[in-house]
Amino acid sequence: NEKKILVLKKKKHSQYYEDILEGIITYGKPNKVLYVEFDSNSDVVELNKKLKRKITEYKINIFLCFSYYFIDPTLLKQIYKKLILIRFEGDDMTIFDHYSKWYAQFFDINITTNLSSHKKYKNLNYNSICYAMPSFSKNLIKINYPSQSGISFVGQSLPIVRKNYINAIFNNGFSIDVF
């Protein structure tokens, strides 16, 4: 049985998704992996046409959707039960009510790092796995830096992870100024 995978992912590099994808390719040993990439300037209609064309032309049997994008629900209905559809979402609580819960119904499995989303998927009778990223399970250890060191947070982090980091920094004797 040939495994032909079509991956929908952001053009911008995401270590979270890249690590998962690398594991799937390394251990799953698919015969073919094709990509459709998007960014904020992508044409929704054209991208959906490209997805449909690749699924048909290459006889794709596994569709992996990394992150969120506005896939035409009609296309998802057409391929549902014909392909294995897997959706990965890292921070979906922020978009759960407006996106995730609606798209989740079209996927065979929804993989999330958010326990609250996982529980909501289960309550909606959607297949879901809660995936613990390695960064979630790392123990925060004693930090040995001079107390005059400055600390900055850049980018987003899930609230519980951010709270753990802030508590570890505070517990190691650093003052934290909030702006």
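Here is a short report on the structure shown in this document. (Residues numbered from 1 in each chain as written. Predicted model: local features only at pLDDT ≥ 70, side-chain atom pairs only at ≥ 80, totals over all residues. Heavy atoms only, no water.)

Counted under the stated rule, the structure contains 7 aromatic pairs. Between Phe-66 and Phe-88, the aromatic rings sit 4.5 Å apart at their centres with planes inclined by 0 degrees, giving stacked as the arrangement. With Phe-66 in strand S3 (residues 62-66) and Phe-88 in strand S4 (residues 84-89), the pair connects residues that are 22 residues apart, well separated along the chain. Of the residues examined, Phe-66 reaches a relative accessible area of 1% and is grouped as buried. Accessibility expressed as a relative area gives 4% for Phe-88, which makes it buried. Here Phe-70 and Tyr-99 contribute two aromatic rings whose centre-to-centre distance is 5.8 Å and whose plane-to-plane angle is 85 degrees, an arrangement assigned as edge-to-face. (Phe/Tyr/Trp six-rings, centres within 6.5 Å; stacked < 30°, edge-to-face > 60°. Helix = DSSP H or I, 4+ residues; strand = E, 2+ residues; numbered from the N terminus. Buried < 20%, exposed > 50% of the residue type's maximum accessible area, 1.4 Å probe, protein only.)

This part takes up the pattern of salt bridges. Considering all chains together, one arrives at 6 salt bridges under this definition. Across the pair Lys-4 and Glu-2 runs a salt bridge whose closest N-O atoms are separated by 3.9 Å. For Lys-4, a relative accessible area of 16% corresponds to the buried category. Of the charged contacts in the structure, one is a salt bridge between Lys-9 and Glu-37, with a shortest N-O distance of 3.6 Å. Of this pair, Lys-9 sits in strand S1 (residues 4-10) while Glu-37 sits in strand S2 (residues 32-38), placing them 28 residues apart in sequence. Judged by its relative accessible area of 11%, Lys-9 falls in the buried class. The exposure class assigned to Glu-37 is partly exposed, which follows from its relative accessible area of 35%. When salt bridges with common partners are traced through the structure, they connect Lys-9, Glu-18 and Glu-37 into a single cluster. (Salt bridge = Lys/Arg side-chain N within 4 Å of Asp/Glu carboxyl O.)

What follows deals with the nonpolar core. Judged by nonpolar contacts, the single largest core of 23 residues is most densely connected at Leu-6, Leu-8, Leu-51, Phe-63, Ile-71 and Phe-107. Listing elements by their share of this core, those giving two or more residues are S1, S2, helix H2 (44-57), S3, helix H3 (73-79) and helix H4 (96-103). One finds Val-7, Tyr-17, Ile-20 and Ile-109 within the second-largest nonpolar core, a separate group that totals 13 residues. (Core = buried A, V, L, I, M, F, W, Y, C linked by side-chain atoms within 4.5 Å.)

Attention now goes to the sheet that holds strand S5 (residues 109-112). On the basis of which strands lie adjacent, the open sheet formed by 6 strands has the order S2-S1-S3-S4-S5-S6 and parallel pairing. Sheet topology places S2 and strand S6 (128-130) at the edges, where each strand pairs with a single neighbour. Across this sheet, the average inter-strand angle for adjacent strands is 15 degrees, counted without regard to direction. Packed onto the sheet, helix H1 (residues 15-28) meets S1, S2, S3 and S4 and runs at close to 160 degrees relative to S3. Here H2 sits on the sheet in contact with S1, S2 and S3, set at roughly 175 degrees to S2. (Pairing = 2+ DSSP bridges. Axes fitted to C-alpha atoms, helices over the stretch in contact; angles between N-to-C directions. Contact = heavy atoms within 4.5 Å.)

For the rest of this paragraph, the subject is the packing of H4 against helix H5 (residues 115-123). Running from amino to carboxyl end, H4 crosses H5 at an angle of 50 degrees, the nearest separation of the two axes being 11 Å. In this view, H4 runs oblique relative to H5, as classed from their interaxial angle. Remark: the crossing between H4 and H5 carries right-handed chirality. Every residue of H5 that contacts H4 at Phe-96, Asp-97 and Ser-100 is listed here: Ser-117, Lys-120 and Tyr-121. Taken together, the residues of the contact of H4 with H5 break down into 2 nonpolar, 2 polar and 2 charged. (Parallel < 35°, antiparallel > 145°, perpendicular 65-115°, else oblique. Left-handed = near helix turned anticlockwise from the far one by under 90°. Nonpolar A, V, L, I, M, F, W, Y, C, P; charged D, E, K, R; others polar.)

Another aspect to go through is unusual backbone geometry. With phi around 50 degrees, Lys-59 is a residue other than glycine that occupies positive phi space. With respect to the secondary-structure elements, Lys-59 resides in the loop between H2 and S3. The phi angle at Asn-125 is positive, at roughly 65 degrees, despite the residue not being glycine. Structurally, the position occupied by Asn-125 is in the loop between H5 and S6.

Read these as spatial facts, not as claims about activity.
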